[in-house]
Amino acid sequence: MSSSTSTAPVTIVPILEDNFCYVVEYERNKLALFDPADPPLVQASLEELLSGGKAVTHVFATHHHWDHSGGNDAMVEWLKGKGQEGVVVVGGGEKKGVHRLREVCDVASIPNSLPVFSQKRTLCRARR
């Protein structure tokens with residue numbers, strides 16, 4: 001297995017009182033969201049990216065607590081309204097809005113072209 005030294009552009013969106021959502025561009029014009037638990041704040045940050053032709057392909061819930069996975073359904077619905085169909089939600093618990101169940105931060109659930117996260121369980125809890 002070769003290691004990659006490339007990095008992906010990351011936008012950090014402060015949400016709630018003590019968490020973050022990470023918006024990662026892992027390929028040209030492809031975005032992955034990590035823990036978008038506060039949809040209005042995340043949506044505001046995404047507006048410019050989406051108007052520039054980027055598409056959200058994945059939403060990752062690093063774990064099942066509401067302050068990490070609570071915005072999954074609302075984000076997917078909002079993205080559908082923006083013409084973003086087929087967004088896959090990956091999470092580690094049986095929560096509403098999770099399409100694929102995986103162990104928390106299971107490397108197999110992350111696209112290989114997402115270099116920042118494809119090596120190991122880099123982002124397993126988004127917090128301050």
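Just above, that's the structure.
The rules behind the values
- Residues numbered from 1 in each chain as written.
- Predicted model: local features only at pLDDT ≥ 70, side-chain atom pairs only at ≥ 80, totals over all residues.
- Heavy atoms only, no water.
- Buried < 20%, exposed > 50% of the residue type's maximum accessible area, 1.4 Å probe, protein only.
- Helix = DSSP H or I, 4+ residues; strand = E, 2+ residues; numbered from the N terminus.
- Arc of directions from axis to C-beta.
- Contact = heavy atoms within 4.5 Å.
- Salt bridge = Lys/Arg side-chain N within 4 Å of Asp/Glu carboxyl O.
- Pairing = 2+ DSSP bridges.
- Expected span 1.5 Å × (residues − 1).
- Bend = angle between axes of the 7 residues up to and from the residue.

Peer 1: Just checking my understanding: could you explain helix 3 (residues 72-81) for this structure?
Peer 2: In an α-helix, one turn spans 3.6 residues; hence positions three or four apart end up facing the same way. Within helix 3, burial applies to Asn72, Met75, Val76, Trp78 and Leu79. Down the axis of helix 3, the buried set is contained in an arc of 165°. They therefore lie on one face. Packing partners of the buried residues in helix 3 comprise strand 3 (30-34), helix 1 (39-51), strand 4 (55-61), helix 2 (66-69) and strand 5 (88-91). Following helix 3 by one or two positions, Gly83 adopts a phi angle in the positive range, close to 85°.

Peer 1: Sorry if this is basic, but what is going on with the pattern of salt bridges here?
Peer 2: Taken as a whole and assessed by the stated rule, the structure comprises four salt bridges. Notably, a salt bridge pairs Lys54 with Glu25, separated by 3.3 Å at the nearest N-O pair. With a gap of 29 residues between them, Lys54 in the loop between helix 1 and strand 4 and Glu25 in strand 2 (residues 19-27) connect regions that are remote in the sequence. Ionic pairing is found between Lys82 and Glu47, a salt bridge with its closest N-O pair at 3.2 Å. Here Glu47 lies in helix 1 and Lys82 lies in the loop between helix 3 and strand 5, a separation of 35 residues in the sequence. Taking the relative accessible area as the measure of exposure, Lys82 reaches 39% and is therefore partly exposed. Its relative accessible area of 35% is what places Glu47 among the partly exposed residues.

Peer 1: Explain the pairing of strand 2 here, please?
Peer 2: Both faces of the sheet carry side chains from a regular strand, because those side chains alternate between them. Most of strand 2 is tucked away: eight of the nine residues are buried. When strand 1 (residues 10-15) meets strand 2, the two strands line up antiparallel, connected through six bridges. Bridging across to strand 2, Ile12 finds its partner in Tyr22. Counting the residues in the hairpin turn of strand 1 and strand 2 gives three residues, including Leu16, whose phi is positive at 50°. Once strand 2 ends, the chain turns through two residues before running back antiparallel as strand 3, passing Asn29 with a positive phi of about 70°.

Peer 1: Would you mind going over helix 1 with me for this structure?
Peer 2: Look at helix 1: 17 Å from first C-alpha to last across 13 residues, which is about the 18 Å you get at 1.5 Å a residue. Bending of helix 1 peaks at approximately 35° at the position of Ser45. Where helix 1 is buried, its residues meet strand 1, strand 2, strand 3, strand 4 and helix 3. At the exit of helix 1 stands Gly53, carrying a positive phi of roughly 95°.

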